[in-house]
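Below are the chains, spelled out letter by letter.
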Amino acid sequence: SVVIVSTIILTGLWAVAAMGFTLVLRTGQWSLGQSVFMALGGYTSAILTVQMGLPFWPSFFIAGLVSGLIALLVGMVVLRVGGVYFAIITLAMGEIVRIIALEWEPVTRGSRGIITSAPPPIVLWGHELVNFNASLAPYFYFMICLVAVTALVFWRIGESRLGRTFYGTALNPIMAEHQGIYLMKYRVIAFTVAGIFTGYAGALYTHFLQVITPFVFGFWQSIQITIWSIIGGIGSLVAGPII
């Protein structure tokens, strides 16, 4: 039914965000504002398509890159402190983004939000292959592709030397520093990668709901991401968050 398929689509998108949180947690950092990157991706895509009139597909890819860029810039500043201070700063960052979205009316339309539209049909050689307005099936397959790509990237990271370094920095940061590992560098990498994919999830989420407001992504959504990650098991970068 429509309800079941809609629930599965939303489940997949939030699973991407949970994978991102788990990756950050792998470096020993606890983010309380992970949903803010869904908001950044969603607002970027909505502003580019609705306010600036750009096509959906370029806007979608730019949305993830903008979210990742902001994660990189923020991470280079706040990951210097780490620990509980990082958690507090990410919590404050979520509130700052919400206030900006609420007050910057000419761009975000404030509390009214931005009404988006479904992605355009995919046409090949004059034949319409996919129509997002016809059914939920295209969203479902789009979500499956996004989850699969995210899972593959995160799994490869987890199995690589980079993933083992992430785990080592969390397990014993002092020993890792003594071995010549620059903790902040690896923390920023994890935070940025998580920001990119979470931004893509937020962009698709926004076009699936066909609206974004300052109240869609908030503190409670970040707490939910945390809960899903912990219940799924933080030892797994992919299977745990999805389950």
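For the structure, check the block above.
All values derive from a computational prediction rather than experimental measurement. (Residues numbered from 1 in each chain as written. Predicted model: local features only at pLDDT ≥ 70, side-chain atom pairs only at ≥ 80, totals over all residues. Heavy atoms only, no water.)

(A) The pattern of salt bridges, seen in detail. Following the criterion strictly, the structure yields 2 salt bridges and no others. Across the pair Arg98 and Glu95 runs a salt bridge, and its minimum N-O distance is 2.6 Å. With Arg98 and Glu95 both in helix α4 (residues 83-103), this residue pair falls 3 residues apart, about one helical turn. When its relative accessible area of 23% is taken as the criterion, Arg98 is described as partly exposed. Between Glu105 and Arg112 there is a salt bridge whose closest N-O contact spans 3.3 Å. A relative accessible area of 38% means that Glu105 is categorised as partly exposed. (Salt bridge = Lys/Arg side-chain N within 4 Å of Asp/Glu carboxyl O. Helix = DSSP H or I, 4+ residues; strand = E, 2+ residues; numbered from the N terminus. Buried < 20%, exposed > 50% of the residue type's maximum accessible area, 1.4 Å probe, protein only.)

(B) Representation of the nonpolar core. The biggest cluster of nonpolar side chains holds 47 residues, and the ones touching the most others in it are Leu23 and Phe217. Elements with a minimum of two residues in this core: α1 (2-26), α2 (35-51), α3 (56-78), α6 (137-159) and α9 (183-209). What Leu23 contacts, discounting residues up to four positions off in sequence, is Phe154, Ile157, Phe166, Ala190, Val193, Ala194 and Leu237. (Core = buried A, V, L, I, M, F, W, Y, C linked by side-chain atoms within 4.5 Å. Contact = heavy atoms within 4.5 Å.)

(C) Inspection of a nonpolar patch on the surface at higher detail. Judged by side-chain polarity, Val81, Val84, Tyr85, Ile88 and Ile89 come together as a nonpolar surface patch covering roughly 480 Å² of accessible area. Tracing the backbone shows Ile89 in helix α4. (Patch = residues over 30% accessible without salt bridge, like charges linked within 9 Å, V, L, I, M, F, W, Y side chains within 5 Å. Areas by Shrake-Rupley, 256 points an atom, 1.4 Å probe, with all protein chains shown as cover.)

(D) Representation of the environment of Trp228 within the structure. Residue position: Trp228 is located in helix α10 (residues 219-232). A relative accessible area of 32% places Trp228 in the partly exposed class. When the C-alpha atoms of Trp228 and Ala15 are compared, they prove to be 8.2 Å apart, with 213 residues separating the residues in sequence.

(E) Broad picture of unusual backbone geometry. One non-glycine residue, Arg109, lies in the positive phi region at around 65°. As for its placement among the helices and strands, Arg109 is situated in the loop between α5 (105-108) and β1 (114-115). A residue is classified by how much of its surface remains accessible, and Arg109, at 34% relative accessible area, is partly exposed. If you check the backbone angles, Gln210 has positive phi at about 65° while not being a glycine. On the secondary structure map, Gln210 appears in the loop between α9 and β4 (211-212). By relative accessible area, Gln210 is classed as partly exposed at 31%.

(F) α2, seen in detail. For α2, with 17 residues, the first-to-last C-alpha span of 23 Å sits near the 24 Å given by 1.5 Å per residue. When you tally the buried positions in α2, you get 15 out of 17 residues, the bulk of the element. (Expected span 1.5 Å × (residues − 1).)

(G) Summary view of the packing of α2 against α4. Contact geometry for α2 and α4: axes closest at 9 Å, N-to-C directions at 30°. One finds that α2 runs roughly parallel with respect to α4. The two elements α2 and α4 cross, and the hand of that crossing is left-handed. On α4, the residues touching Val36, Phe37, Leu40 and Tyr43 of α2 are Met93, Gly94, Val97 and Ala101. (Axes fitted to C-alpha atoms, helices over the stretch in contact; angles between N-to-C directions. Parallel < 35°, antiparallel > 145°, perpendicular 65-115°, else oblique. Left-handed = near helix turned anticlockwise from the far one by under 90°.)

(H) Here's a closer look at the packing of aromatic side chains. Overall, the coordinates contain 20 aromatic pairs when judged by the stated rule. The interplanar angle of 75° and the centroid separation of 5.5 Å between the aromatic rings of Phe86 and Phe191 together place this pair among those described as edge-to-face. With a gap of 105 residues between them, Phe86 in helix α4 and Phe191 in helix α9 connect regions that are remote in the sequence. Each member of the pair Phe86 and Phe191 is classed as buried. Here a set of aromatic residues connected by ring pairs shows up, and it is made of Phe56, Trp57, Phe60, Phe61, Phe132, Tyr139, Phe142, Phe154, Phe197, Tyr200 and Phe208. (Phe/Tyr/Trp six-rings, centres within 6.5 Å; stacked < 30°, edge-to-face > 60°.)

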